[in-house]
Amino acid sequence: QSALTQPPSASGSPGQSVTISCTGTSSDAGAYDHVSWYQQHSDKAPKLMIYDVTKRPSGVPDRFSGSKSGNTASLTISGLHPEDEADYYCSTYAGSNIGGLFGGGTKLTVL
Amino acid sequence: EVQLVESGGGLVQPGGSLRLSCAASGFTFSNYEMNWVRQTPGKGLEWVSYISESGTPMYYAASVRGRFTISRDNAKNSVYLQMNSLRAEDTAVYYCARELRYYTFDYWGQGTLVTVSS
């Protein structure tokens, strides 16, 4: 069982917006502003899309945004592109000797 | 360009050992914390182990503590994962990942597959 809870699937049409949730507890996602989101295309390595809840690494389109309320973080993709179809994983810091906790992943389908 | 290249994966029997290596290039390796993260076939990601810039401290997931050992050689720009007493549930793709901060991983290798089976 994953430490963070994500919906197994999500979908949207090109141009639409979609939001993926990630729920933890007051000891992990709720305790720290170090939630990250990763995109993983089939048979590829994960790619960092959002870190520290809202920050985007260089090169990530501003269509991708993050937020957090309480123990739940969210990834929003605005104006879906076909290439956004991938698996998305959230992750959070939970203490130096606990490591990074991941969600179970959400498979995003662009219809 | 940052590159992380893992090697050492393969098929091993239950109870056996394997040593994974990750060769880094394109950045000052000794300035970064490094991690191993694994992904079971068709399933999600699991953090495995962490090592600081200097080599200590190291941290491990409960599922591998006492069986796996992480190490690094800053002169060789490499990080390693020694895996002993392997179990079927250790079967996964193992990724080497550079840590940006607070267990956020900004670069990942391509992964190396470890299969534990008789």
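Everything below is about the structure printed above this text.
The model shown is predicted, which means the values in this text are computed figures rather than measured ones. (Residues numbered from 1 in each chain as written. Chains lettered and ligands numbered in written order. Predicted model: local features only at pLDDT ≥ 70, side-chain atom pairs only at ≥ 80, totals over all residues. Heavy atoms only, no water.)

1. Describing the overall build of chain B
For step 1, the next point in the chain: The number of helices and strands found in chain B is 0 helices and 11 strands.
For step 2, the next point in the chain: Reading the helices (α) and strands (β) of chain B from amino to carboxyl end gives β-β-β-β-β-β-β-β-β-β-β.
For step 3, the next point in the chain: Here the C-alpha radius of gyration of chain B, 13 Å, is about what a compact globule of 118 residues would show, namely 13 Å.
For step 4, the next point in the chain: Each principal axis of the C-alpha atoms in chain B carries an extent, and together these give about 40 × 25 × 25 Å.
For step 5, the next point in the chain: Taking all 118 residues of chain B together, 50% fall into the buried category.
For step 6, the next point in the chain: Counted over contacts in chain B with a minimum sequence separation of 6, partners at least 24 positions apart contribute 53%.
For step 7, the next point in the chain: Averaging the locations of the 10 positively and 10 negatively charged side chains of chain B gives two centres separated by 5 Å. (Helix = DSSP H or I, 4+ residues; strand = E, 2+ residues; numbered from the N terminus. Rg over C-alpha atoms; globule rule 2.2 N^0.38 Å. Buried < 20%, exposed > 50% of the residue type's maximum accessible area, 1.4 Å probe, protein only. Contact = heavy atoms within 4.5 Å. Lys, Arg positive; Asp, Glu negative; His and termini not counted. Charge placed at Lys NZ, Arg CZ, Asp CG, Glu CD.)

2. Topic: the interface of chain A and chain B
For step 1, the next point in the chain: Listed per partner, the contact involves 21 residues of chain A and 19 residues of chain B.
For step 2, the next point in the chain: Of the roughly 1,700 Å² buried between chain A and chain B on both sides combined, carbon and sulfur atoms contribute 62%.
For step 3, the next point in the chain: On the surface where chain A and chain B come into contact, there are 1 salt bridge.
For step 4, the next point in the chain: In this structure, the salt-bridge partner of D52 of chain A is R101 of chain B, at a minimum N-O distance of 2.7 Å. (Buried area = accessible area lost by both parts, 1.4 Å probe. Salt bridge = Lys/Arg side-chain N within 4 Å of Asp/Glu carboxyl O.)

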